[in-house]
Amino acid sequence: MKKRIYGLETEYAVIIAPEHNSTFTPTRLNVFNILREVVASHYKVLHSKELKQGVFMQNGGRFHHEACLNALLEGVIEFSTPECTNSRDLAIYSKACDEILEEVREELQEKLQYKGFRGNIFFGKNCTDKKGNFYGTHENYLVCDPIIDYRRFILYTGVTIFFSIFIIVVIIFNLPVLACILVLSLMLLLLGILHLPLRLLGYTSHTIIEIGNGIIELIKIMTSLKPTLFTRIFGELFRCSTILWAYSYGFFLRQLVFKKMTKFLTPYLLTRIIFSGSGRCLDSLPPGEMSKGIPFELSQKAETIKTVCTIFWDDYYKPVFSLKNFIKNPRSIFKSEKRLHIMYCDSNMNEFVTYINTGITGLLIRMIEEDHSFLDLNPKNPISALREFSRDLTMRKQIPLKNGTSMSSLEIQKYYLGEAKKFYSSPEKVCEHTDNLLHIWENILNCLEINPHLMYKELDWVAKKDLLNEVIKDREIFFSCNILKWFKVLQGKFQQEWIFMSEETLKKEIERNLSIWNRKKFFAFLKKEDLTCQDFLEKFQIFYQLQKIDLKYHELNKNEGYYYRLAKAGLITMLSSEEDVTKAKLYPPHDTRANIRGFLVKTLAENSLNAVIGWDDVIISDYAKHIYFLEPFEKELPENDRNYINSLVKMEE
Amino acid sequence: MEITLKEKTIKNQEQDTKKEIISTFAEIINDSNKEALKYVKNWKAPGGGE
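Residues numbered from 1 in each chain as written. Chains lettered and ligands numbered in written order. Predicted model: local features only at pLDDT ≥ 70, side-chain atom pairs only at ≥ 80, totals over all residues. Heavy atoms only, no water.

**Q** Quick question: what am I supposed to make of the overall build of chain B here?
**A** For chain B, the helix and strand inventory stands at three helices and zero strands. Secondary structure elements in chain B, listed N-terminal to C-terminal, are α-α-α. (Helix = DSSP H or I, 4+ residues; strand = E, 2+ residues; numbered from the N terminus.)

**Q** Teacher, can you tell me more about the packing of helix α6 (residues 259-271) of chain A against helix α11 (residues 409-423) of chain A here?
**A** For any two helices packed against each other, the geometry comes down to the angle between their axes and how far apart the axes lie. Residue and element names in this part refer to chain A. Packing of α6 against α11 brings their axes to within 9 Å, and their N-to-C directions diverge by 130°. One way to sum up the angle between α6 and α11 is to call them oblique. Considering the relative orientation of α6 and α11, their crossing is left-handed. Residues Phe264, Pro267, Tyr268 and Thr271 of α6 touch α11, and the partners they reach there are Ser409, Ile412, Gln413 and Tyr416. Residue composition of the contact of α6 with α11, grouped by class: five nonpolar, three polar and no charged. (Axes fitted to C-alpha atoms, helices over the stretch in contact; angles between N-to-C directions. Parallel < 35°, antiparallel > 145°, perpendicular 65-115°, else oblique. Left-handed = near helix turned anticlockwise from the far one by under 90°. Contact = heavy atoms within 4.5 Å. Nonpolar A, V, L, I, M, F, W, Y, C, P; charged D, E, K, R; others polar.)

**Q** Please explain the pattern of salt bridges as it appears in this structure.
**A** Residues and elements named next belong to chain A. Scanning the model with the defined rule gives 37 salt bridges over all chains in all. A salt bridge links Glu369 to Arg4, with the shortest nitrogen-to-oxygen separation between them at 2.9 Å. Taken together, the positions of Glu369 in helix α9 (residues 351-369) and Arg4 in the segment before β1 (6-18) put the pair 365 residues apart, joining distant regions of the chain. A salt bridge links Arg642 to Glu636; the nearest nitrogen and oxygen atoms lie 3.2 Å apart. Its relative accessible area of 29% is what places Arg642 among the partly exposed residues. (Salt bridge = Lys/Arg side-chain N within 4 Å of Asp/Glu carboxyl O. Buried < 20%, exposed > 50% of the residue type's maximum accessible area, 1.4 Å probe, protein only.)

**Q** How should the nonpolar core be read in this particular structure?
**A** What tends to happen in soluble globular proteins is that the nonpolar side chains get buried as a cluster. Residue and element names in this part refer to chain A. Tyr249, Trp441 and Phe536 are the most contacted members of the largest nonpolar core, which totals 185 residues. Considering each element in turn, this core owes the most residues, 11 residues, to helix α2 (residues 87-114). Inspection of this core shows a minimum of three residues originating in each of domain 1 (150-239) and domain 2 (477-553). With sequence-adjacent residues up to four places away left out, Phe536 is seen in contact with Ile483, Trp486, Phe487, Leu490, Phe494, Phe522, Phe525 and Leu526. Among the nonpolar cores identified, the runner-up in size contains 16 residues, and Leu46, Leu600, Leu609 and Leu648 belong to it. (Core = buried A, V, L, I, M, F, W, Y, C linked by side-chain atoms within 4.5 Å. Domains from an automatic or database assignment.)

**Q** How should I be thinking about the interface of chain B and chain A in this particular structure?
**A** How big an interface is tends to be reported as the loss of accessible area on association of its parts. Each side of the interface is counted separately: chain B has 35 residues, and chain A has 71 residues. Of the roughly 4600 Å² buried where chain B meets chain A, counting both sides, 60% is carbon and sulfur surface. At the junction of chain B and chain A, the tally comes to three salt bridges. Residue A:Arg565 is joined to B:Asp31 by a salt bridge in which the shortest nitrogen-to-oxygen separation is 3.8 Å. Here chain B and chain A share 16 residue pairs in polar contact (both at pLDDT 80 or more) between them. Elements that contribute at least two residues to the side of chain B that touches chain A include exactly α1 (5-16), α2 (19-32) and α3 (36-42) of chain B. A total of eight residues in the side of chain B that touches chain A trace back to one element, the largest contributor, which is α2(B). The residue makeup of the side of chain B that touches chain A, split by class, is 14 nonpolar, 10 polar and 11 charged. (Buried area = accessible area lost by both parts, 1.4 Å probe. Polar contact = N/O pair within 3.5 Å; in protein donor to acceptor, adjacent residues only side chain to side chain.)

**Q** How should I be thinking about the packing of helix α15 (residues 503-513) of chain A against helix α16 (residues 516-529) of chain A in this particular structure?
**A** Residue and element names in this part refer to chain A. At a minimum axis separation of 8 Å, α15 and α16 run at an interaxial angle of 140°. In terms of orientation, α15 lies oblique with respect to α16. In this structure, α15 contributes Lys507, Ile510 and Glu511 to the contact, and α16 contributes Arg519, Phe522 and Phe523. Broken down by class, the residue content of the contact of α15 with α16 amounts to three nonpolar, no polar and three charged.

**Q** I keep staring at the packing of aromatic side chains and nothing clicks. Help me out?
**A** Each aromatic ring pair is specified by the distance between its two centres and by the angle formed by the two planes. All names here are of chain A. Counted under the stated rule, the structure contains 41 aromatic pairs over all chains. Between Phe522 and Phe536 the ring centres are 5.0 Å apart and the planes differ by 85°, which places this aromatic pair in the edge-to-face class. Remark: Phe536 occurs in helix α17 (residues 533-552) and Phe522 occurs in helix α16; sequence separation between them is 14 residues. Judged by relative accessible area, Phe522 falls into the buried class, the value being 0%. Here Phe536 falls in the buried class, since its relative accessible area comes to 1%. An aromatic cluster is built from Phe479, Trp486, Phe487, Phe522, Phe523, Phe525, Phe536, Phe540, Phe543 and Tyr544, whose rings are joined through pairwise contacts. The positively charged end of Lys429 is found above the aromatic ring belonging to Phe423, 4.0 Å away from the centroid. The ring of Phe296 is capped by Lys465, whose NZ or CZ atom sits 5.7 Å from the centre of that ring. (Phe/Tyr/Trp six-rings, centres within 6.5 Å; stacked < 30°, edge-to-face > 60°. Lys NZ or Arg CZ within 6 Å of the ring centre and 35° of its normal.)

Here it is as structure tokens:
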């Protein structure tokens, strides 16, 4: 069977919960820097040669700090698995990343305590913080997508034109900044030249000194400002000036690469959330909507997806497939084997979901590569369809398709399952791994059709929904879109102890904490919805209890996180043993180039050789040696390179 | 997963009524009620990824 490379990038939220007596609150970048030190004291690591201050680990994976340009000191911690050849290994390496973070957490906290921090630090593996920030997991697959000759010519010409335009745009954008720096430097120089002779002559020109002082003050103000402000301004300027270019380049690429992949994989990716979604307790509803019971959707990231395929350039315009890696590495456009980057993927706590999710995607990719004929089941409007699929817990809502018919998420999944069973029924294509995946897929779809609760041990969203249901039990509870809006408005002002106050005291507290305008609006809203303050607070408390479950399910702390508590009670189907995960923390997969990277990291770090490493090369600075390992399935270094490394080790000894 | 649907349904039903399962759920629900608002407020990922 044809081999494939699988990779997963997971972003973890860093939760900083300081106590009252804390004299220091670290930024997420501070946390990352200390985390890097702590991880380096447990595992062999080598600095990444790319930006983002990352390190590669002895298991061939990488972790780095990831932040938007407008908040460089904050952000998330991203772990990338090493290249794996199957989804089982991938799920285990992903689990190993979770465990590494949890393993070093206490030591990290102790180090922060020395700096004056009092409180808790923990990591979350989910996709949203309920404050408008989204993060999560991306999947990568090495797929065969050859370029036909005439397209190759168009691509060469197009890429050259687009990159020339990019350089011009960047230069134009930078001109005002460069001009400002130049003018300031010239002014300083002029001032220096004029100032000294005048002072020597005993003549002080008031104007010159005033200007000089003014410039010095200006520089002082600029340097005292938070760097985030600068990065925010320049980040926004850069984004605005290049956004049009990015989307037109994305449009151009879309006509030539991954055409088949995006066409036939999209309906599957939009509907696989029925088993791969990690579930989300909603904190807002569309105008006029009312939720009977828990406001819940299957996928945490459905709301953020705005298009099917483009270059991911702008946080507000996230695609299902991102073509961004073609900017970083334009040469790869012309290769027949390309990296397919799927951005739309929920972070899963349950490694079993990661296994089936990526495994089935791998099976379908192979079918598309081998020109299996699929029906075009793309929805008429894929983005609004995705929202509908995510909100439809029955999985039976009919969504209009481009071909004029309509289908539900469950029906689309069953169609793909049927096609996969046909394709993999031939003896030369079937293997134990494929057979197992198809069997599980079928079983999941059948269970979901009868009663999703049957899958509580296997699927994240089902396990979470069961917990949330336990809060509501048999109570009838409604949340209107307006009440959710007020929850958000009042979140910052409300205190936990208010829940136990009498109606009168409560009213007084609310009056004291709200502006006149908001107070009027709030009481008018209560009257309209026929609620007392006490009713409102009761709902408020239930709502935040639900939200807490929604978040704490994803906490990586093994004693605290709800997923781990369920796992401890035997309520989660485990894919890997402890031994598998321990092995994945220490050793790279043996069947990809990650094996070479792991060997290099371990050997060079052990012998304290000064080197930086990337996904496909290493630079040993002490000896000015550059070694490449470009082939993804290359397991060992060529003999001469291996001998060279061994000789370096001997010299160091 | 090498079991039939019927077997799975029965197995799940048996599991649901086990004492330790009920107590785990009760523990979680009890914990989720403690300082829920504070917990949600603390869960922040500014400048977060992608």
